[in-house]
Every structure is written in C-alpha cells, then in structure tokens.
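Inside the fold
So you can see what is in the structure, the chains are spelled out below.
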Amino acid sequence: MAKRIATLVLSALVVMPAAAGADEGLAEYLESAMDAEFHGSGVVMCTWGADSAATTYEVTRSDGMSMVQGPDGGLMLSGALTASKAGADWYALEVSEWSAWSLSDRYSLGDTTATIRLGRSATEVNVMEDGRIRARLVIDDESTVPLLTEVFGADGGVFRLAALVEFVAAPAVDMEMPESFMEHEMLMYGEPSSLLPDSAFGYRRTDTYALDGSGSQAFYSDGLFSFSVFEVSRGAAPGDFTDGSSFEVEGATYTRIVTASNVWVHWRSPERSYVLVGDLPPDHIEAVLSELPRPGTRGVIMRWLSRLFG
Amino acid sequence: MTHPIDLLSAFLDGELAPADQAEVANHLHGCASCAADLEGISRVRDWIRGMPVEEAPIPLLPALRQPRWAWAAASIAAAALAVGLVVTPAQTEVLDLDTLAGQHTARVVVSPGISSIRGPVVGR
C-alpha cells in the first residue's frame, strides 16, 4: 500500500480531467482509508463560537475490526456491529441495512504537498468545496491513514482538528469480539418521516431507522460529512440540552451542544421534537437547518386539541 | 420585555429556548400581572389533569358526531378558550443522548467519511 495515496492523488490530478478526476480520487481515498490497518492515539478538538470541547482517543484497526478507547469508555467495531462496554458488560448494536455510499460532487482534491509527520512520509491534501478549502488532511503514505484532519468553517477558521500523536502502521495485534452481549439490538429500517426532506443542502437522506417507542432516525450524508436527525414526539425532552447554547438561523432559535466529535442541535417544531447530531461544520449545519422543519410553538387551540385528543 | 402572555404556557412546560426561559423568569419576578396569569394557568391545568380519564367506548370521530359528546367537547373547549388556556401535561419522555450517540455512531462507521476514516470517538 506504499505511496498509495500519492498515486491516487497523482492519477487524479494528471491522468483524469480535473474536476471529475479529482472527485474520483477523493472518493477512492476515503474508501481505502476506512479499511487501513493501524494503531494510534490522538486528540480531537472542536470549536464553534464560544463553545469548544476536546478529548483523547486511542484506536486500533486490524483484521476488519476496530477497537476505540476514550475517557468515557470503549467500542469494538466489526462490520455493521458496534459493541460498547458499560461496567463489565458489553452491549451490541447492529445496523441491519444501509444505502450505498457516494461522494457529493461539490468536493474535489486541491493542492497536494509531500511532507513528514510523526517521522513518516506523508502527503498533505486539501479537500476543496466549490473552490474553497474545506478540509486539510495529512495522510500517511504507507497506510493511507489520516495523521491529521482539519475541517474549516466558512470563515476559514478551524472547526475541528483530529491529530494522531502516536502511530503504528499495520500493527500485529489479535482482536476478538466479546463472546456474549448483555443486549444485542438491531437498528431496523423504519418509515421515512413525511416532515423531513429527502435532501438538505446537498446531504442525501440515505436511510431511516425506527426508534424504540415512536420516532425515527434519519441519516443524511454527502459522502464526506454526515448527520442523523432524530424525530420524536413534541413532548420528548433531551434533558442534557439544559446547558446548551442558543443560536439563531434565519430568525429561528435552536440550542446546541458542542462535543469533540459531534455537534448536537435541538429544537421543537409545532409538530415534533428534533435532535440533530453530526460532524458537519457550522455553516453546513445552518444551511441544513434552514431546510428542515422550523422551530415554532403551537397555537393555543392546536396545543389544547393535541393534548386532549392526542 | 413586554408582557409575555403568549409564552407563559410554554414557559410552564419548559419548552422555551434557554434564553427565552430565563427572560420570562426575570420578567415574572417583577410583574405581578404576569405572575398572576401564570398561577391561573397552572391552577386550571392542574384542574384539567385531575379530571378522570376514561377510554372512549367507541371510535372517537363518530362519537363526536353524537350530541352528548359534541356538547362535552364544545363545553371544555369554550371554557379553556374563555380563560386563554393552554392545556399541556408534563413532559414524560426523556431522550438519552448517549443512546442517540450510539445509534448515530453505529451508522457512521459502516460508510466512508471524515469521521470513519480516522476512527470514531467514543461517546457523544
């Protein structure tokens, strides 16, 4: 796999037509990097306005499995199965089905530069969005793993930074899934919400899953970033949002929580309650929110009728 | 802030944005009129909640066409509207963000993307 990313980038820029070729090169890179085997530890930081968060994490990927460890616990990943540990017990969540992945044509490969990071030969790659830099990746040439990932906001400032500070390519480790799980749940397809659009700001609603009780999880992706919109009954309360920050989009007020890996947004439309979670940058979030059901309160009669008659 | 009459019911239910919730609370401290309105809404809401709940013995819509049900519904509606009420029971369903984070992560990791190529981060 040596120099693979350099080859991908070179072929994209030289052999193929600029725009289409660059997209293909980026898509090929994203697909190959997901399976790259490595062990590393690093830090992830996220900043949006006055809100910021950071955490450390350790990840090992080998033989088609991943093990992730952070301050809040650990995860084991194998195919569509995610196992999380709580105390001494493991809990499994398995995705039953999902749509094929595709990368939005708004992204393309920009300038590439050979560099050295963590003492290793690497390639710095700019990911462009409609002619503007959206992300910068420093990719290990041997493994194709991103040693550094920076995502930029619309103002050019860094929105999220993920940097490995320790890295081993193709580690010789044996990983095994737990033999049994306290619970093993399946994430099953559910009925798409009629209130949520099929796409929002170029993000395609690829899958909809049913939630326990009533509600749904709509998964949107543009191939580079992704988010879920959880749609539940209007009376549902995400209690952890009490310390969130308010922000406005086109005059409507939302509440957000910034964590190291995701941004969470909560609002209530006149009909339903929503939680959006994803890794997309703030300007994308604002554009997406403007195409989703808007926050609003119900009129007196509607509130009264809904409570009385359900 | 002008008298937030329209927001009092949502304030009682905790449905306002944090900033609006704080602003209404501040207003209530210094406005006897709105405080009295809030107390009135709260009292009538408690009264409505205290009413016995019975399952309709027959499908609701056909039942509403019957004079007896129509009268009952119209009477309650008129009473509520007359005092400008919004009748909302307390919220009971609480969303666990860790559960939602787990479901989102489970879907993220099966497809390429900026988060999946560097490895997901545990937790939210």
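Residues numbered from 1 in each chain as written. Chains lettered and ligands numbered in written order. Predicted model: local features only at pLDDT ≥ 70, side-chain atom pairs only at ≥ 80, totals over all residues. Heavy atoms only, no water.

1. Side note on the overall build of chain B
The number of helices and strands found in chain B is 7 helices and 0 strands. Within chain B, the proportion of its 124 residues that are buried is 40%. Across chain B, every contact between residues at least 6 apart in sequence was considered, and the portion connecting residues at least 24 apart equals 52%. Entry remark: accessible area of chain B is about 6,800 Å², with carbon and sulfur atoms responsible for 61%. (Helix = DSSP H or I, 4+ residues; strand = E, 2+ residues; numbered from the N terminus. Buried < 20%, exposed > 50% of the residue type's maximum accessible area, 1.4 Å probe, protein only. Contact = heavy atoms within 4.5 Å. Areas by Shrake-Rupley, 256 points an atom, 1.4 Å probe, with all protein chains shown as cover.)

2. What to know about the environment of V44 of chain A
As for its position among the elements, V44 of chain A is in strand β1 (residues 38–48). Separated by 10 residues in the primary sequence, V44 of chain A and A54 of chain A place their C-alpha atoms 5.5 Å from one another.

3. With respect to unusual backbone geometry
Residues and elements named next belong to chain A. One non-glycine residue with positive phi stands out, namely L118, at about 55°. Among the residues examined, L118 registers a relative accessible area of 38% and is labelled partly exposed. Non-glycine residue T144 carries a positive phi angle of around 70°. Here T144 lies in the loop between β9 (132–140) and β10 (146–152). The exposure class of T144 is buried, given its relative accessible area of 0%.

4. As for the nonpolar core
Residue and element names in this part refer to chain A. Judged by nonpolar contacts, the single largest core of 45 residues is most densely connected at V265, L276, L289 and L292. Residues contacting L276, with those up to four places away along its chain left out, are F227, S228, V229, V263, W264, V265, W267, V288, L289 and L292. Of all hydrophobic cores here, the second largest spans 21 residues; its members include V44, V68, A163 and L164. (Core = buried A, V, L, I, M, F, W, Y, C linked by side-chain atoms within 4.5 Å.)

5. Quick word on the environment of V277 of chain A
All names here are of chain A. Here V277 is to be found in strand β20 (residues 272–278). Look at V277 and you get buried, because its relative accessible area is 0%. Separated by 204 residues in sequence, V277 and G73 have C-alpha atoms that sit 20 Å apart.

6. Digging into a negative patch on the surface
All names here are of chain A. On the surface, a cluster of negative charge is made up of E24, E28, E31, D35, E37, D63, D174, E176 and E179. Note that D35 resides in the loop between α2 (18–33) and β1. The exposed category is assigned to D35, whose relative accessible area is 57%. (Patch = residues over 30% accessible without salt bridge, like charges linked within 9 Å, V, L, I, M, F, W, Y side chains within 5 Å. Salt bridge = Lys/Arg side-chain N within 4 Å of Asp/Glu carboxyl O. Lys, Arg positive; Asp, Glu negative; His and termini not counted. Charge placed at Lys NZ, Arg CZ, Asp CG, Glu CD.)

7. Quick word on the packing of aromatic side chains
Given two aromatic rings, one states the distance between the centres and the angle between the planes to describe the pair. Residues and elements named next belong to chain A. Following the criterion strictly, the structure yields 9 aromatic pairs over all chains and no others. Ring geometry for W267 against Y274: centres 5.1 Å apart, planes inclined by 15°, an arrangement best described as stacked. Of the two residues, W267 and Y274, both sit in the buried class. Aromatic rings pair up to connect W48, F247, Y254, W267 and Y274 into one cluster. The ring of F201 has R106 lying over it, and the distance from NZ or CZ to the ring centre is 4.9 Å. Its guanidinium or amino end placed over the ring of W48, R256 lies 4.2 Å from that ring's centre, counting from NZ or CZ. (Phe/Tyr/Trp six-rings, centres within 6.5 Å; stacked < 30°, edge-to-face > 60°. Lys NZ or Arg CZ within 6 Å of the ring centre and 35° of its normal.)

8. A few points about the interface of chain B and chain A
Taken together, the contacts link 48 residues of chain B with 81 residues of chain A. Here chain B meets chain A over a buried area of about 5,300 Å², counting both sides, of which 67% is carbon and sulfur. The tally of links between chain B and chain A comes to 1 salt bridge. The shortest N-O distance in the salt bridge between D207 of chain A and R107 of chain B comes to 2.8 Å. (Buried area = accessible area lost by both parts, 1.4 Å probe.)

9. What to know about the pattern of salt bridges
Residue and element names in this part refer to chain A. Summed over the entire model, instances satisfying the criterion amount to 13 salt bridges over all chains. Residues E150 and R136 are paired through a salt bridge, measuring 2.6 Å at the closest nitrogen-oxygen approach. On the criterion of sequence distance, the pair formed by E150 in strand β10 and R136 in strand β9 is long-range, its members being 14 residues apart. Among the residues examined, E150 registers a relative accessible area of 10% and is labelled buried. Here the salt bridges share partners, and the residues they tie into one network are E129, R132, R134 and D283.

10. Description of the pairing of strand β2 (residues 51–62) of chain A
Residue and element names in this part refer to chain A. Across 11 bridges, β1 lies against β2 in antiparallel orientation. Along β2, the bridge assignment pairs C46 with A53. Counted between consecutive antiparallel strands, the loop separating β1 from β2 contains 2 residues, among which G49 sits at a positive phi close to 60°. Judged from the 5 bridges that link them, β2 and strand β3 (residues 65–70) form a sheet pairing that is antiparallel. Bridging from a neighbouring strand, E58 pairs with Q69 of β3. Adjacent in sequence and paired antiparallel, β2 and β3 are bridged by 2 residues, among which D63 carries a positive phi angle near 55°. (Pairing = 2+ DSSP bridges.)

11. Looking at the pairing of β9 of chain A
Residues and elements named next belong to chain A. As judged from the 8 bridges shared by strand β8 (residues 120–129) and β9, these two strands associate in the antiparallel manner. Paired with M128 across the strands is I133, a residue of β9. If you look at the hairpin formed by β8 and β9, you'll find 2 residues sitting between the two strands, and D130 has a positive phi there, around 50°. Judged from the 5 bridges that link them, β9 and β10 form a sheet pairing that is antiparallel. Of the residues in β10, the one forming a bridge with I139 is P146. Once β9 ends, the chain turns through 5 residues before running back antiparallel as β10, passing T144 with a positive phi of about 70°.

Treat this as a map of the structure, not an account of what it does.
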